[in-house]
Every structure is written in structure tokens, then in C-alpha cells.
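A structural walkthrough
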Amino acid sequence: MSSLLLALLIFGLCYLLIMTERLHKTIVALFGAAVMISFGVVSQEEAFYSHEFGVDYNVVFLLIGMMVIVNIVRETGLFEVLAIWAAQRADAKPFRLLALLAVLTAVLSAMLDNVTTVLLMAPVTLAITKRLELNPITFLVTEALASNIGGTATLVGDPPNIMIASKAELSYLDFLIVMGPIVIVMMVLFLAVLWVIFGRSMTVAPHLKEAVLLLSSREAVPDEAFLRRCLILLMVVNVAFCFHSLVHLEPATIALLGASLFMVMGHARRKHEDNAEELTYLAEVEWKTIFFFIGLFILVGGLVKVGVIRYLADQLVS
């Protein structure tokens, strides 16, 4: 009983601190995890090596691999090219642009990672909306919602998906086959709602349209050959995710292999440009998020061990 109360107390205090944001959530999660281990709610061996009570390294390394890949893809100018393409494809008409950016964000969120995708799409969206003198908040909120929808489609699209797939032993295709059609329906409904709300109210002056239509996507790409190589490798990584169960490799292994190949390409390019910064790709990984998840795994592992999660599950079933 003492372990049960202790686990609930530690988790409750940590959750309260995370909610109030008095301390950074990563500090709270790691401190809470250390306290769980120190007071014996979970042992150190269970925290670091138990699949049931400890850190799920498949999730951790999949996140690290995808973050490295996204950081390198960012250097190619791909997101800028897509934003310019969307603006020109939409003929700089506001609602068409809004819908295309939403669809692009959803697709990229499914292929990469929804949080990072929004962070990379936001600056180029701000640049486009500033040129068209449109309210950027409408576009940014739309992209945030679209990223949540699109990220639901695949195993790698969102950290909760990775956790669910890891615990339930679902493959990439298992996730995609079930969630893909649902996500498509949700996106159609989402775009329909956007049309009802914004479809007739958004306008742009003709001279502003002309300025955007004259933008050149080539200027956003510093190295076209590097962009092509990254796109090919990104396609290979996503295909490998689809068939990881056939080649008997976990998604985390594929992500790390892909990230390593991306870093080799990135290093070769930087070496060619006499750039000595070789490990910035790793430095740019969102380590705060990674360590937050590590701490959270141990905190939740304590609740699992003392039976809280099982009790909640039984109550839901009954």
C-alpha cells in the first residue's frame, strides 16, 4: 500500500508542477523519475531495462532519428519550395492557399513529425501571409490542426502513435491501413469547415497577388543536387517503414539508419563547403523533449508496477 501511495504522490506532484509550469517539464519528469527509483517504487534495473516498467527505447530512438532527418531536410529549402508552390498553385487566392498549406502540413506531418513540421512551416507561412497582407493567425491555427490530423495517420507522425504502436506491437502498415482512411475523411471535413468559416471572407489586393506569383522557388534552394538526394532518401526511409516487419527491423532501427545516411550526406556537403560544424545535426535534436519522455516513461512505469494503470483499465472495462 505504501508503494501505491508513494507512486501516486510522486506522479501527482510532478503532474501538478508540469501543469503550473513553475519548472520546465523536462526537469520535473527527470526529477520525478529519479525519486521513483530512489524510493524503490521501481528499481534502477526495471527503469532502464524492463519493457513493462521502464524506458521504451524504440520510441526514444525513433524520435531521435526522425528529429535528425527533419533537421537535415530543413537545410534543403524543401519547406520554402512547397510554400511558394502552394501560393502559386493557388493563384495567390487566400482560401485556396489556406487549403493547400493545410494539406501539405498534414502530409508532411504523416511522413516526418507533426510538431517539427509545424515549426518549419510556420516561418514560411508568415512570410507568405505578410506579402499578401493576410492574418497569419488563421493560417497558423489551421496548420496546427492539420498537423494533428495528418500526424495521426502513421506510426511516426506523432509521439503517442509511436508509444501505442510499440506497446501494441503494431507495424507501420497496421497503423496506416486503419488510420489512413479515417484521416482522409477528417481532412475533407476539416477543409469543408474551413470553407464555411473563411471561404468567402478572405480577399487579397491584385498587386499583392502579382508579387507572390513572381516568387522563384529556385532561390529558396541552396543546393538542388542535395535536395534531390534528400528527397530520394526520405522516400526510401518511408518505404522501409512500410515494410519493416518483412525485413525484421524495428522502426527505431530504420530511423537511425536513415538519420545516419542523412548525416553522411550532410557532412559531405558541409565538408565540400569547408564548414567545420559536423555535429550540429545532433546538437539541434530536441533533447529536452527526448529526456522528458524518458522521465515520463519511468514515472508511468511506477504507476504500472503498483497496479494503478491496471485498476483504471479494469474500471473502464467494467
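Residues numbered from 1 in each chain as written. Predicted model: local features only at pLDDT ≥ 70, side-chain atom pairs only at ≥ 80, totals over all residues. Heavy atoms only, no water.

So, the overall build of the protein
Condition: A run of H or I in DSSP counts as a helix once it spans at least four residues, and a run of E counts as a strand once it spans at least two, with each numbered from the N terminus. Buried means the residue's accessible area, taken with a 1.4 Å probe over protein chains only, is under 20% of the maximum for its type, while exposed means over 50%, and partly exposed covers the values in between. Two residues qualify as a contact provided that any one of their heavy atoms is within 4.5 Å of a heavy atom in the partner residue. In these tables, accessible area is a Shrake-Rupley quantity obtained with a 1.4 Å probe, and a residue counts as shielded only by the protein chains included in the view. None of His or the chain ends enter the tally, which takes Lys and Arg as positive and Asp and Glu as negative. By convention, the point assigned to a charge is CZ for Arg, NZ for Lys, CD for Glu and CG for Asp.
When its secondary structure is counted, the protein shows 16 helices and 0 strands. Each principal axis of the C-alpha atoms in the protein carries an extent, and together these give about 70 × 50 × 40 Å. For the protein, buried positions account for 46% of its 318 residues. Taking as baseline every contact in the protein between residues at least 6 positions apart, the subset at least 24 positions apart corresponds to 76%. Working note: accessible area of the protein is about 16,800 Å², and carbon and sulfur atoms make up 68% of it. With 20 positive and 26 negative side-chain charges, the protein shows a spacing of 7 Å between the two charge centroids.

Considerations on the nonpolar core
As a reminder, the rule being used: To qualify as a nonpolar core, a set must consist of buried Ala, Val, Leu, Ile, Met, Phe, Trp, Tyr and Cys residues joined through side-chain atoms within 4.5 Å.
By size, the foremost hydrophobic cluster in this structure holds 96 residues, and its most contacted members are L62, I69, L97, L132, F241 and F262. Sorting elements by how many residues they give to this core places helix α4 (residues 57-74) first, with 12 residues. If sequence neighbours within four positions are ignored, L132 has contacts with A92, L97, V204, L208, K209 and V212.

Topic: the packing of helix α8 (residues 136-151) against helix α10 (residues 172-198)
Keep this limit in mind: Only the contacting stretch of a helix is used when fitting its axis, a line to C-alpha atoms as for every element, and angles between N-to-C directions run 0 to 180 degrees. Should an angle fall under 35 degrees it is taken as roughly parallel, and over 145 as roughly antiparallel, whereas 65 to 115 is taken as roughly perpendicular and any remaining angle as oblique. Helix crossings fall into two classes, left-handed where the near helix is turned counterclockwise from the far one by less than a right angle and right-handed where it is turned clockwise.
At a minimum axis distance of 10 Å, the contact between α8 and α10 shows a crossing angle of 165 degrees. With respect to α10, the axis of α8 lies roughly antiparallel. The interaxial crossing formed by α8 with α10 has right-handed handedness. In this structure, α8 uses T138, T142, L145, A146, I149 and G150 to contact α10, whose residues at the interface are V183, M186, M187, F190, L194 and F198.

Describing the environment of G180
For G180, the position within the fold is in helix α10. The exposure class of G180 is buried, given its relative accessible area of 11%. Taking the C-alpha atoms as reference points, G180 and L170, 10 residues apart in sequence, are found 14 Å from one another. Not counting the four nearest positions on each side in its chain, G180 is found in contact with A153 and F175.

A few points about the environment of R74
Looking at the secondary structure, you find R74 in helix α4. With relative accessibility at 35%, the residue R74 sits in the partly exposed group. Taking C-alpha positions, R74 is 31 Å from K167, a pair spaced 93 residues apart along the chain. Setting aside chain neighbours within four positions, we find R74 in contact with F79, L120 and E284.

Some details on the confidence of the model for the protein
Do not read the predicted coordinates in detail wherever pLDDT is low. Rules: Every residue carries a pLDDT, the predictor's confidence in it, which falls somewhere between 0 and 100.
Across the protein, pLDDT averages 85, with 96% of residues at or above 70. Within the protein, no element has a lower average pLDDT than helix α11 (residues 206-213), which sits at 74, and none a higher one than helix α2 (residues 25-38), at 93.

Some remarks on the pattern of salt bridges
Formally: Any Lys or Arg side-chain nitrogen located within 4 Å of an Asp or Glu carboxyl oxygen qualifies as a salt bridge.
A full pass over the atoms with the stated rule returns 2 salt bridges. Residue R228 pairs with E224 through a salt bridge whose shortest N-O separation is 3.9 Å. Of this pair, R228 and E224 both sit in helix α12 (residues 224-242), 4 residues apart, roughly one helical turn. On the accessibility criterion, E224 (35% relative accessible area) is partly exposed.

Observations concerning the side chain of N71
When you line up the elements, N71 lands in helix α4. Its relative accessible area of 6% is what places N71 among the buried residues. Leave out the neighbours within four places in its chain, and N71 touches Y281, E284 and V285.

Thoughts on the side chain of S109
Counted only if it meets this: Any pair of N or O atoms that falls within 3.5 Å is considered a polar contact. Within protein, one atom must be able to donate a hydrogen and the other to accept it, and sequence-neighbouring residues count only if both atoms are side-chain atoms.
Locating S109 in the fold gives a position in helix α6 (residues 94-111). S109 sits in the buried class, given a relative accessible area of 0%. Here T105 takes part through its backbone oxygen, which lies 2.7 Å from a polar atom of the side chain of S109. Each residue touching S109, except ones within four places of it in the same chain, is listed here: N114, T117, S147, G150, G151 and G157.

Some points on the packing of aromatic side chains
The relative placement of two aromatic rings is captured by the distance of their centres and the angle of their planes. In plain terms, the rule: Between the rings of Phe, Tyr and Trp (Trp by its six-membered ring), a pair exists once the centres lie within 6.5 Å; its type follows the angle of the planes, with under 30 degrees stacked, over 60 edge-to-face, and the other angles tilted. Two thresholds decide whether a charge sits over a ring: the Lys NZ or Arg CZ must be within 6 Å of the ring centre and within 35 degrees of the ring normal.
Throughout the structure, instances matching the rule amount to 6 aromatic pairs. On the basis of an interplanar angle of 45 degrees and a centroid distance of 6.4 Å, the ring pair of W287 and F291 is categorised as tilted. Here the residue W287 and the residue F291 both occupy positions in helix α15 (residues 287-306), the gap between them amounting to 4 residues, near one helical turn. Overall, F291 belongs to the partly exposed group, its relative accessible area being 38%. Sitting over the face of the ring of F292, K25 holds its NZ or CZ atom 4.9 Å from the ring centroid.

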